[in-house]
Amino acid sequence: MLSQALESGRRISRHIMTLFLFTKSDVLTVLIPITLSTFAAASHPDVTRVPDIVIWIWLHLLKHDICNQMQDPEEDRKNKPYRPLPAGLITAQNAADVRWLLVPVCLIFSAMYGIKALACSAFLEALSIWYNEFGGDETGLSKNLLTTIAYATLELGATAVIGSSIDSIWVHAVAFSSVVFATTIHAQDFKDEEGDRLAGRRTLVTLFPDFARTSMMIGIPLWSLCLSRLWKVDLVSSIAFIAYGTIIGARFMVYRTAGAHKQSCKLYSLWYTLVHLLPGYWRFFNST
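Residues numbered from 1 in each chain as written. Predicted model: local features only at pLDDT ≥ 70, side-chain atom pairs only at ≥ 80, totals over all residues. Heavy atoms only, no water.

Caption draft 1: View of the overall build of the protein chain. Scanning the protein chain from terminus to terminus reveals 14 helices and 0 strands. Ordered by position from N to C terminus, the α and β elements of the protein chain give α-α-α-α-α-α-α-α-α-α-α-α-α-α. A compact globule built from 288 residues would reach a C-alpha radius of gyration of about 19 Å, and the protein chain, at 20 Å, matches this within 12%. Once the C-alpha set of the protein chain is aligned to its principal axes, its extents read approximately 60 × 45 × 40 Å. Each of the 288 residues in the protein chain was classed as buried or not, and the buried ones make up 48%. For the protein chain, contacts bridging at least 24 residues in sequence account for 71% of all contacts bridging at least 6. Side-chain charges of the protein chain comprise 25 positive and 23 negative groups, with the mean position of each set lying 4 Å from the other. (Helix = DSSP H or I, 4+ residues; strand = E, 2+ residues; numbered from the N terminus. Rg over C-alpha atoms; globule rule 2.2 N^0.38 Å. Buried < 20%, exposed > 50% of the residue type's maximum accessible area, 1.4 Å probe, protein only. Contact = heavy atoms within 4.5 Å. Lys, Arg positive; Asp, Glu negative; His and termini not counted. Charge placed at Lys NZ, Arg CZ, Asp CG, Glu CD.)

Following this line, the structure appears as structure tokens:
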């Protein structure tokens with residue numbers, strides 16, 4: 001009995017790890033920033049809803065990522081062999097079964113938090129189908145636009161899950177984070193440049209690599225300055241934030257190896273996480 005229980009536990013652990021590996025690359029770029037931004041921008045955050053938000057966001061990421069990674073597993077075999085499909089941890093048919101099973105799971109789970117969360121869940125599914133099934137990821141413009149809309153929808157859905165009302169600070173926070181994301185999202189494309197070229201994707205990085213690097217070198221420090229002033233960040237913190245953004249922007253211009261791109265993307269993800277915390281800074285120090 002004990003050995004059977006241990007073996008069952010190991011199988012369950014393997015299944016959980018397999019599901020996690022589908023979303024591993026989105027933890028730093030999506031899951032953590034949106035979770036933090038939900039509480040930073042919320043007018044009356046309920047910290048007891050942290051698990052609810054994390055689960056809601058992760059389930060929708062999982063659904064989308066499975067669908068996305070089923071499109072071209074050979075590309076992942078070259079660039080991200082740890083992912084479940086190229087690693088042989090799950091078959092394509094089983095992945096498809098999980099992907100479609102997650103559709104009603106996400107809708108039912110969202111319905112528990114009201115009509116807004118349910119509407120966001122349904123809209124995210126429509127965006128995912130457009131992105132993965134109808135070539136939404138094939139050009140840089142459509143890819144960035146759909147990703148930005150999905151990101152804002154995740155933030156809106158997470159706010160519905162937390163049960164917070166939407167005020168002007170929340171609107172400004174989501175609007176500016178969306179614009180920042182739309183204008184700097186190609187930071188994530190540098191590490192996938194080789195795979196995108198092999199797949200024939202027309203991204204800003206593959207079409208105009210020099211312009212893409214220059215936009216990062218200028219855009220990240222400039223956004224750091226603008227957001228510091230917008231959210232009335234103190235002088236010392238502003239200087240530190242702008243300096244950090246300048247270092248990241250310079251890295252994209254100077255360091256051009258695949259390994260350097262991965263490190264720069266991680267540093268960018270941290271910077272973008274800090275962007276999401278700035279509304280919380282304003283609420284704490286300037287809200288009356």
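That was the structure; now back to the text.
Caption draft 2: How the structure looks around empty space enclosed by the protein. According to the stated counting rule, one finds 1 cavity of 30 Å³ or more in the structure shown. Space inside the largest cavity adds up to approximately 110 Å³. As for the largest cavity, its lining consists of 15 residues, of which S37, A173, V174, S177 and H276 are closest to the centre. With 5 residues, helix α9 (residues 168-184) is the largest single contributor of residues to the lining of the largest cavity. (1 Å grid on protein atoms, 1.4 Å probe; cavity = no way out; pocket = protein on both sides within 12 Å on 5 of 7 lines; lining within 4 Å. Points joined across faces, edges and corners; volume = space filled by probe spheres on them.)

Caption draft 3: Region of interest: a nonpolar patch on the surface. A cluster of nonpolar side chains, namely L28, I32, L36 and L277, defines an oily patch on the protein surface of about 290 Å² accessible area. Sorting elements by how many residues they give to the nonpolar patch places helix α2 (residues 27-41) first, with 3 residues. Relative to the helices and strands, L36 resides in helix α2. (Patch = residues over 30% accessible without salt bridge, like charges linked within 9 Å, V, L, I, M, F, W, Y side chains within 5 Å. Areas by Shrake-Rupley, 256 points an atom, 1.4 Å probe, with all protein chains shown as cover. Salt bridge = Lys/Arg side-chain N within 4 Å of Asp/Glu carboxyl O.)

Caption draft 4: Up close: α2. Its 15 residues give α2 an end-to-end C-alpha distance of 20 Å, which sits within 8% of 21 Å, the value for a rise of 1.5 Å per residue. Burial runs high along α2: 12 of the 15 residues are buried. Every buried residue of α2 is listed here: V27, T29, V30, L31, P33, I34, T35, S37, T38, F39, A40 and A41. (Expected span 1.5 Å × (residues − 1).)

Caption draft 5: Region of interest: the pattern of salt bridges. Using the criterion set out here, one finds 4 salt bridges in the structure. Salt bridges sharing partners connect three or more residues here, namely K63, R99 and E125.

Caption draft 6: Representation of helix α12 (residues 209-230). Compared with an ideal rise of 1.5 Å per residue, which puts 22 residues at 32 Å, α12 spans 30 Å between its outermost C-alpha atoms and is within 8% of the ideal. Two residues or fewer past α12, K232 is found with a positive phi of approximately 55°.

Caption draft 7: A look at the packing of helix α3 (residues 50-69) against helix α7 (residues 115-133). α7 packs onto α3 with a crossing angle of 20° between their chain directions and a minimal axis gap of 10 Å. By the angle between their axes, α3 is roughly parallel relative to α7. Where α3 crosses over α7, the two elements pack in a sense that is right-handed. Facing α3, whose interface residues are W56, H60, K63, H64, C67 and N68, α7 presents A117, C120, S121, L124, E125, S128, Y131, N132 and E133. Split into classes, the residues belonging to the contact of α3 with α7 amount to 6 nonpolar, 6 polar and 3 charged. (Axes fitted to C-alpha atoms, helices over the stretch in contact; angles between N-to-C directions. Parallel < 35°, antiparallel > 145°, perpendicular 65-115°, else oblique. Left-handed = near helix turned anticlockwise from the far one by under 90°. Nonpolar A, V, L, I, M, F, W, Y, C, P; charged D, E, K, R; others polar.)

Caption draft 8: Just the packing of aromatic side chains, in detail. Under the defined criterion, the tally for this structure stands at 10 aromatic pairs. With a centroid separation of 5.3 Å and 25° between ring planes, the pair formed by F181 and Y272 is classed as stacked. Here Y272 lies in helix α14 (residues 258-285) and F181 lies in helix α9, a separation of 91 residues in the sequence. On the basis of relative accessible area, Y272 is assigned to the buried category, the value being 2%. Residues Y281 and F285 carry aromatic rings whose centres are separated by 4.6 Å and whose planes lie at 40° to one another, so their mutual orientation is tilted. Residue Y281 and its partner F285 are located together in helix α14, separated by 4 residues, close to a single helical turn. (Phe/Tyr/Trp six-rings, centres within 6.5 Å; stacked < 30°, edge-to-face > 60°.)

Caption draft 9: View of the layout of surface pockets. Quantified by volume, the second largest pocket comes out at close to 150 Å³. As for the second largest pocket, its lining consists of R14, H15, T18, L19, L89, I90, N94 and V98. Contributing elements (two or more residues each) for the lining of the second largest pocket: α1 (2-23) and α6 (92-111). When residues of the lining of the second largest pocket are assigned to their parent elements, the largest contribution, 4 residues, is made by α1. For the lining of the second largest pocket, the per-class residue count stands at 4 nonpolar, 3 polar and 1 charged.

Caption draft 10: Here's a closer look at the nonpolar core. Counting residues in each nonpolar core, the largest one holds 61 residues, and the members touching the most others are W56, I57, W231, F252, Y268, W271 and Y272. Considering every element that reaches this core, the biggest residue donor is helix α8 (residues 140-162), with 8 residues. For Y272, the contacting residues outside a window of four places in its chain are Y151, S177, V180 and F181. (Core = buried A, V, L, I, M, F, W, Y, C linked by side-chain atoms within 4.5 Å.)

Caption draft 11: The arrangement of the environment of R283 in detail. Among the structural elements, R283 can be located in helix α14. Residue R283 is classed as buried on the basis of its relative accessible area, which comes to 17%. As a C-alpha pair, R283 and H44 span 239 residues in sequence and 11 Å in three-dimensional space. Discounting residues that sit within four places of it in the chain, R283 has contacts with A40, A41, A42, S43, D167, I169 and W170. Separated by 2.9 Å, the side chains of R283 and D167 make a polar contact. (Polar contact = N/O pair within 3.5 Å; in protein donor to acceptor, adjacent residues only side chain to side chain.)

That is the geometry; function is a separate question.
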